[in-house]
Structures are given as structure tokens and as C-alpha cells.
Amino acid sequence: MIHFLLLFSRQGKLRLQKWFTPLSELEKKKVIRDMTLMVLARPPRTSNFLQWRDLKIVYKRYASLYFCTGLEEKDNELLALEMIHRYVELLDKYFGNVCELDIIFNFEKAYFILDEFLMGGEILETSKFAVGGSVEEADTLQEVQEP
Amino acid sequence: MRCLLSFFVCVWQNMPAPIRLRELIRTIRTARTQAEEREMIQKECAAIRSSFREEDNTYRCRNVAKLLYMHMLGYPAHFGQLECLKLIASQKFTDKRIGYLGAMLLLDERQDVHLLMTNCIKNDLNHSTQYVQGLALCTLGCMGSSEMCRDLAGEVEKLLKTSNSYLRKKAALCAVHVIRKVPELMEMFLPATKNLLSEKNHGVLHTSVVLLTEMCERSPDMLAHFRKLVPQLVRILKNLIMSGYSPEHDVSGISDPFLQVRILRLLRILGKGDDDSSEAMNDILAQVATNTETSKNVGNAILYETVLTIMDIKSESGLRVLAINILGRFLLNNDKNIRYVALTSLLKTVQTDHNAVQRHRSTIVDCLKDLDVSIKRRAMELSFALVNGNNIRGMMKELLYFLDSCDPEFKADCASGVFLAAEKYAPSKRWHIDTIMRVLTTAGSYVRDDSVPNLIQLITNSVEMHAYTVQRLYKALLDDISQQPLVQVASWCIGEYGDLLISGQCEEEEPIQVTEDEVLDVLEGLLVSNLSSPVTRGYSLTAIMKLSTRFSSVNRIKKVVSIYGSSIDVELQQRAVEYNALFKKYDHMRPALLERMPIMEKTASNGPTEIVQTNGEAEPSVVEPKHLPPVGQPASQGNDLLDLLGGNDVPVIPTTMPTKPASAGGELLDLLGDLSLGGPAPAPPAPASQPPFLLDGLSSQPLFNDIAAAGIPPMTAYNKNGLKIDFTFERANPNPNVAVITIHASNSTEADMTDFVFQAAVPKTFQLQLLSPSSNVVPALNQGTVTQVIRVLNQQKQQLRMRIKLTYIHKGSAVQDLAEVNNFPPQSWQ
């Protein structure tokens, strides 16, 4: 299972944090600090994998955002890269040419999309269309209820 | 007019609507400093707090959303926790959406507040709208505590059986979470798994496979039960590979790689250790391994999982070779991620498929030069795993080159690895020493502390390499004295083998010309250098001292030693004082004490406990009452003795290895001697003709030696001015050439003889060893004796003769006397 998914900018500002294990606020802050320091310090043209404590860290940069996730020993790192890519594709489909600002101003939507894609640290839905479809239907439900 | 008034009143009573989320984000982003941002946030938080206090339902959702944003920026938001619960309880979908999101971000199982959610979730799990049910399942599945899971497991199980695939897939992952939190509940989900794999929906299929995997990993019974699913899983995988293009699941020409990988992982678990299952999946694995497109990351992800599965199950050898070859190809891939993954997998398989991995050794060694730190580390670990007797020379060359150029974070591990490999597979002693030298000179400061004694032991035991080793170490010292482990080993060697160094005896390479003064210069340089640690200084002082028996410039050494007698460093000071004492009072013992170290048996930690002496005397080992000091630091042992005796002025003899066995008895006696001082002796002194008393018996021989009791009659060696000295004899077992003589000094005058020192000398063909006396006060009126043990090695079986010198203070004046002892009984030397 994945333990966390973090999105942060090149200046180290957090844009999204999803935790799949119970950690205290202090522990979460420590993880965020360690991840941003480690990942931002990586020179170019190195692999996307790191070892941190007993977790495998997989990260990928898309434009100005870093997507960083922590995996367990038995998880497949190459597949994790595909998972991150899929999430970016889902965001892109929903927002239309997604950029960092979209995620800043619509962070709750980014979470909703994530919650239709991952759950409990595992992939919930592998279909590209199903995730977007569910979120859009839920959006419609929201609008219908509000006059 | 009245309408206008009431209008104003209405407006005044309603607070202005809280600003929208987007508005707040925009505002905060305009802040130019951290302080400005903090001020804005505080203002908004205050507004939100008062809005919460007013129980405003309309804007609660908006306020919590803003709070979540501020929380992401790092500001505290705990006062919003209860508000999240209120939102969850609301009927509006918008409220629920934000409420559940807030709960997942702000609450966790550590706070009791989260339990209040349980009822809401229970209701929402039964809601008429699937999206509400979905929210509840999601929240429970991400952060549900054990208590919540226990309460709601039944609801989840119900939803697992629904035909609604949207809910079914969520229920499956929620069940996974429940099982992780409360493993005992696993059983109740078993019935619902019955036809999970018959689903067409990929979401359900994927989450079902995850659920099955979780159950199989946790329970061997479940594992056995689900083995029957192998054919079905193989079929599903086959369909995925063979099926045509499916736009919603396609990733670069591969259909649903996520599902494929999960199935491969479940097959791995089911096939492990089971012949039939492994057989059943053989074909599909071969198919995936050969047909998967490798140009993109996604194909390689599947290949990677396939290789892991092949290696773990009972696959046929052809398949295993195929898998290793895939990894070999991965190693040559341009993509760093692929190379990294290959090295990791090879590390896992190197134990079981050693030969196959060996074939890729050169590629692996090339990875040592990669720029990526993660790859370098994996390559290093794998290289050490591949070292064996055949490739040791070549591999070590590469690894030493790596040690030279790698980052400091690797050096300690690499150095340890090199030492281990060298120890196991060294083709020759010279090679071994050279390798150690190379490590010490290139990564000397990173070498682990315990390497120093291990290396010293290794060097000692390589007898024929002593000259070569000390020469190389000396040359290394001339270059660089900053690396402490190197300096410590070098000083020890110079102290031990300095004579070989100056005699220019080296066979292996060109002997260097070096004088005693030059060597002493180097060692003294270490003592004064700022680069030397206190431990290093100790090593070099001891080395200088040892050279006093190997070099002729004893005066220089004496000077150095006496200077350090007043060093600020307590350890150095103590050593210097003891060595000084050795020069002054016990000069005759110095050669024996500082002689060459014997070969040591390899032991676990601190140092040798078995000693085999090489100078002709075989001594059984002794279990010392105190623990043995590590090699190279013999002086501290004497200090313990001194402490035991409460600071008596008993000469402190640095008890180096050769003398240890015999002194055991002496120490015991010293304890007892201490007790008897100042009072009547516990046992009256016996006339020489009687067999030794128990007390004397303890002192006259090492504890473990047999007494060759009757046989050699005792004798009186000296009797003058009231001082009588008797000799009693034993044979040291098992060496018959060693005579153990105990002197018993008694005083018949009415005044004590204090500062009593007994010294003895023998002709050149004999060797003499004098152990510590019981005390240096011979009590008056025969109230007690001073005993001391002499060991005489008489290899040529010549007649024993001895010259003795006695000094003491009697009635205030110093007395000194010399005497010859010639009346040894023939049995004592025949």
C-alpha cells in the first residue's frame, strides 16, 4: 500500500497531502519536511527512487509540481510512476490543461478526484473515464441540491 | 420611513457573509511576507471562529473549506474538528463532501472525537444516494480506527455483496482496511469473496484482487483456500494480454497494467512453495515475459513484477534463466529507474541463483561508476554479494577504486565490506596486507573502530609479513598522520616490529634505510600532533616504550617517557608513570615484559583469551579474574592491581600477556597480603623445612598448576642480620625446564624491615622471571613473611646459581646487601 501522497512546489510549498496511515500532526510535518528536502535536493538525471527509513520513495516532477509518494517494500516502484502519471492525467482531464494554480484554487476538487482513484493506499479504479465520470456526477448532485 | 428603518435594522443584525474560499486564497497569496500572511490568517480564523459560535448552518461548509486551506499552509485548525462532524450530519451533499474531507484531514484515530463519526457513517452507508455511500466508505476505508471498523464491518460486508459495481469496489478496499486494522474480522468477509472474480468491471476486479491478496498474506488457511482461483486468475490475465485495444484502460498499448501487476503479485503468493499452482501459471508467465513491450516504463513495470513472481515460485529452470536475463537487459537500459530496479531484484536473487547473477557481474560493477547515488549503493551491495574466491582480485580492484572516489556516506560500509571479503577470500597474506593498507590510507577515517584490533591481530598472525608490513605502515605514516585507525595500527606495528624496520630486513620489497632516531621522531611527532586522538597518543607512547628493548637509544626513550609523566591527559600520564617505574625499579623485568607478542587465537570481541606462547613455554590458559585488556594497551591492567591494594607502594608491573598466568596467584596473595598488613600474620611463618602452608601455597604457584609436592627440599638462601630468606621449589607443569622458586623472607629482629626489595640475577644460560612480592614490609619478630615467586628457565640443565640483592630500611637506616646463592639442591635444576 502507499503510505502517503504529497504534492509540493519547487519552493517547497505544500499543495496537497493525503495520508493513509495514522500519524500525529508533528510526525506529518516531519515527513513533509524530509520529503521536500530530499526530493528538491536531487540533481537532474537521477532515478526517481529513494530509500527513506523503511519506505521506498517515488517522486516525479510535472512542470512546477512534485508528486511524491511513499511505498512499502513489496510495492512496484515502476508501477507507482504509472499511478502518479494516471492521477495527473485525471486532473488534466477534469480541469483541462491542468496547472499548479488549478490545484491551488480548487484543492478540494483535487482531493475529490484523488478519492475516486485511490483508497486506503490502494488503487480503486483503473478506468480513465470512470473516475472523472464519478466526480462530475457528484458535482452535478451538488449543484442540484443547491438552488 | 418605518420600512427604511427596519431595513437598516435587518442589515445591521446580519453579519456580513464570510468571504468565499477563492477570495481568501487570492487574498492570502498577495501577502508579501510571512508576517503579513500570518496576520491575514489570524483575522480570518477569528471571523470563522465567531461564525462557528453562532452555529451558522449556511456558511459552515464555506468556513470549513477555508480552514482546510489554511491548515494546508501549516496553520492550526483543530477548532474546526467538531464543525466537520456537523457537516457530515447535514443532509446537503455539499456539506457532506466537505465534512468528510475535513474529517480525513483534521481528524485521526488518536482523537476520541473521531468516534462521534461512527453513527453518521453508519447512516450514510445505508443512504439512498450512492455518492453519499461512497463518501462514507471512503472515509472509513482511509482513516477508520479499529473501534469504528469493528462497529461497521457488518455494513461493509453487506455492501461487498451488492451488484452496484461503484459501491462494490469501494466496499472491497474498505474491507481491506478493516482487515488491516482488525485481522480477526477477516473470516466474515470470506463468503462475499465467492464470485468477486467473475466481475467484468475492472475497478471491482482490481480491488477484489487486492482484497484476496491481503487475505492470503495474512492467513495460511485463506491462502490454501484461494489456491483454487489460480486458473481463473490466469484466464483473466490472458484476456487482458490478448484483448484488443480498450480506450478506457489502455496505457501505451497495454491494457490495464495496474490490474495485470496485481494479478501477477497474487499469483506469486499463491504459487510460492506449491508445485501445482506454479505449474499452472508457468505458461502465462513465459508469455508475459517474452511478449511485453519494453520501450516504455509501463511494459517494464509489468516485466519487473513478472520477474519477481518467476523467482519466487517453483518455476522451471528455463523460466528462471529467462527472468535473470530480463534483469540483465534491464541493467543495460538507459533508463536509470530500470537499472535501479534491476539491481534491487538481483540483490534479492543473488543468494538463490548465484551463478546466474555472476554472469552479469561486469555490468553490475560498471554501475559502481553511475552518477546516481541510489544506483551506486545498490551496485555496491550487490558487488560484495558476488565476491568469491575466483573473482576476488578483479573485484577488489574495482571496489577499492570505488572506495577512493565514492561519497563519504558509502565509505564506512564499503571499507567494512572490503575487510570482510578480504578475510574470507584473500589469495595470499601479502595481498591481504596490501588491501588493508590501501583501505587504511584511502578511507582511514571512515573505518569502524573495531577494525583496529582485528587488523592488529591479523598482522600479528602473519609472521612472515612483519617486516614488510611495518615498512609499509611506516612509509604511510610519513605521508599522512591524520587518519586515526591507520596511525593506531602503524604505531602498534612500529612498536612491535621496530627492530625489523631499522635492520632493513624486508624481503617483499626494497628495504628502506631508516635510523632509530627517525623512527622515534615519527612516534614522538604523533604524541604532540593536534591531529592525534587521545587513543592514538596512548598507542604511540606504548610503542615508544616497547622500542626501549628493541632499539639502543634507551636514554631518549626514557626522556620521552618521563616527560609524559606529568601530562594533563590522565591516561597518558598513568602510562608514563608506570613505564618510568619499569625503568627505575624493574629494569631487569623490562625485556621480558616488552618482548614480542605471541600469535593470538581469533576470538569474538575484546582480545585473546587463549594464549599460546612461542618462546618455548607452553602455558595453559587462565581465566583471569579481571577481563583482559585489548591488545596494545597492557598498562591499564596494572592500575587495577594498584586500586585493589588501596594504593600501597607495591611495585606496579604492567602485566603483559606472557606473565599473566603466573601472576594470578600473586594477585590473590596481594589481596590477602593487604589484609595481613599491620596485624599479626594469619599464619605464622614456617621454618624452611616444612611443606608450604596453604597461604604460602597460594602464593608460590599459579592457581592452575599441579604441585610437584615432595621431591625438592627447600633451602635457606640467606641468613644475616636477622633477615632470613628461604627458597622452596616446585616444578612448573608441563615444562620441566622451569623451576618455580618461592622465596620466604622473615625478620627476627624487633623492628620491621620496610621498603624491602628482593632482586635476583642468574647466569646467561638461564632466564629469570620475577613476580610481584606479597608485600615490601617484613614484619618484626617473625610475625609474617614476605613471599615472592621466581621462575627460572634452565634449558641447558646447568647447575643453578644465583646472585641476590636485598635492600630495605631497618630502624631508620637503609640497608643493602649482596649475596651468592650456590647451595641449590640438585633436583632443582636437573
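Rules used throughout
Residues numbered from 1 in each chain as written. Chains lettered and ligands numbered in written order. Predicted model: local features only at pLDDT ≥ 70, side-chain atom pairs only at ≥ 80, totals over all residues. Heavy atoms only, no water. Helix = DSSP H or I, 4+ residues; strand = E, 2+ residues; numbered from the N terminus. Buried < 20%, exposed > 50% of the residue type's maximum accessible area, 1.4 Å probe, protein only. Areas by Shrake-Rupley, 256 points an atom, 1.4 Å probe, with all protein chains shown as cover. Contact = heavy atoms within 4.5 Å. Pairing = 2+ DSSP bridges. Axes fitted to C-alpha atoms, helices over the stretch in contact; angles between N-to-C directions. Parallel < 35°, antiparallel > 145°, perpendicular 65-115°, else oblique. Left-handed = near helix turned anticlockwise from the far one by under 90°. Patch = residues over 30% accessible without salt bridge, like charges linked within 9 Å, V, L, I, M, F, W, Y side chains within 5 Å. Salt bridge = Lys/Arg side-chain N within 4 Å of Asp/Glu carboxyl O. Lys, Arg positive; Asp, Glu negative; His and termini not counted. Charge placed at Lys NZ, Arg CZ, Asp CG, Glu CD. Phe/Tyr/Trp six-rings, centres within 6.5 Å; stacked < 30°, edge-to-face > 60°. Lys NZ or Arg CZ within 6 Å of the ring centre and 35° of its normal.

Regarding the overall build of chain A
At step 1: The number of helices and strands found in chain A is five helices and seven strands.
At step 2: Going residue by residue from the N terminus, the α and β elements of chain A occur as β-β-α-β-β-β-α-α-α-β-β-α.
At step 3: For chain A, the proportion of its 147 residues judged to be buried stands at 63%.
At step 4: Put simply, chain A shows about 5,900 Å² of open surface, and 55% of that area lies on carbon and sulfur atoms.

Examining the overall build of chain B
At step 1: Looking only at helices and strands, one finds 35 helices and 10 strands in chain B.
At step 2: In chain B, 67% of the contacts between residues at least 6 apart in sequence involve partners at least 24 apart.
At step 3: Approximately 36,400 Å² of chain B is accessible, and the part contributed by carbon and sulfur atoms is 52%.

Some details on the sheet that holds strand S2 (residues 14–19) of chain A
Strand pairing in a sheet relies on backbone hydrogen bonds, with the paired strands running either antiparallel or parallel.
Residue and element names in this part refer to chain A.
At step 1: Within the open sheet, the five strands sit side by side as S2-S1-S5-S4-S3. Their pairing is antiparallel. The open sheet is flanked by S2 and strand S3 (49–52), the only strands paired with a single partner. Ignoring strand direction, the axes of neighbouring strands in this sheet form an average angle of 20°.
At step 2: Sheet topology places S3 next to strand S4 (residues 55–62); four bridges connect them, and they run antiparallel.

Considering the packing of helix H24 (residues 429–443) of chain B against helix H26 (residues 466–479) of chain B
Helix-helix packing is characterised by the crossing angle of the two axes and by the distance between the axes.
Residue and element names in this part refer to chain B.
At step 1: At their nearest, the axes of H24 and H26 sit 11 Å apart, and the two run at 15° to each other. Overall, the two elements H24 and H26 adopt an arrangement that is roughly parallel. By crossing handedness, the relation of H24 to H26 is classed as right-handed. On H26, the residues touching Arg430, Ile433, Asp434, Met437 and Thr441 of H24 are Tyr468, Thr469, Arg472, Leu473 and Ala476.

Description of a negative patch on the surface
At step 1: Among the surface-exposed residues, B:Asp276, B:Glu279, B:Asp283 and B:Glu316 lie close enough to one another that they form a single negatively charged patch.
At step 2: Locating B:Glu279 in the fold gives a position in helix H15 (residues 275–291).

Examining the packing of aromatic side chains
At step 1: All chains considered together, the criterion is met by 15 aromatic pairs over all chains.
At step 2: Geometrically, the ring pair formed by B:Tyr131 and B:Tyr166 is edge-to-face, given 5.2 Å between the ring centres and 65° between the ring planes. Taken as a pair, B:Tyr131 in helix H8 (residues 130–143) and B:Tyr166 in helix H10 (residues 165–181) lie far apart in primary sequence, 35 residues in all. For the residue pair B:Tyr131 and B:Tyr166, the accessibility class agrees, reading buried in each case.
At step 3: Ring pairs connect the aromatic residues A:Tyr62, A:Phe67, A:Tyr87 and A:Phe117, which therefore count as one cluster.
At step 4: The ring of B:Phe79 carries B:Arg49 above its face, with NZ or CZ at 4.3 Å from the centroid.
At step 5: Its guanidinium or amino end placed over the ring of A:Phe112, B:Arg97 lies 4.1 Å from that ring's centre, counting from NZ or CZ.

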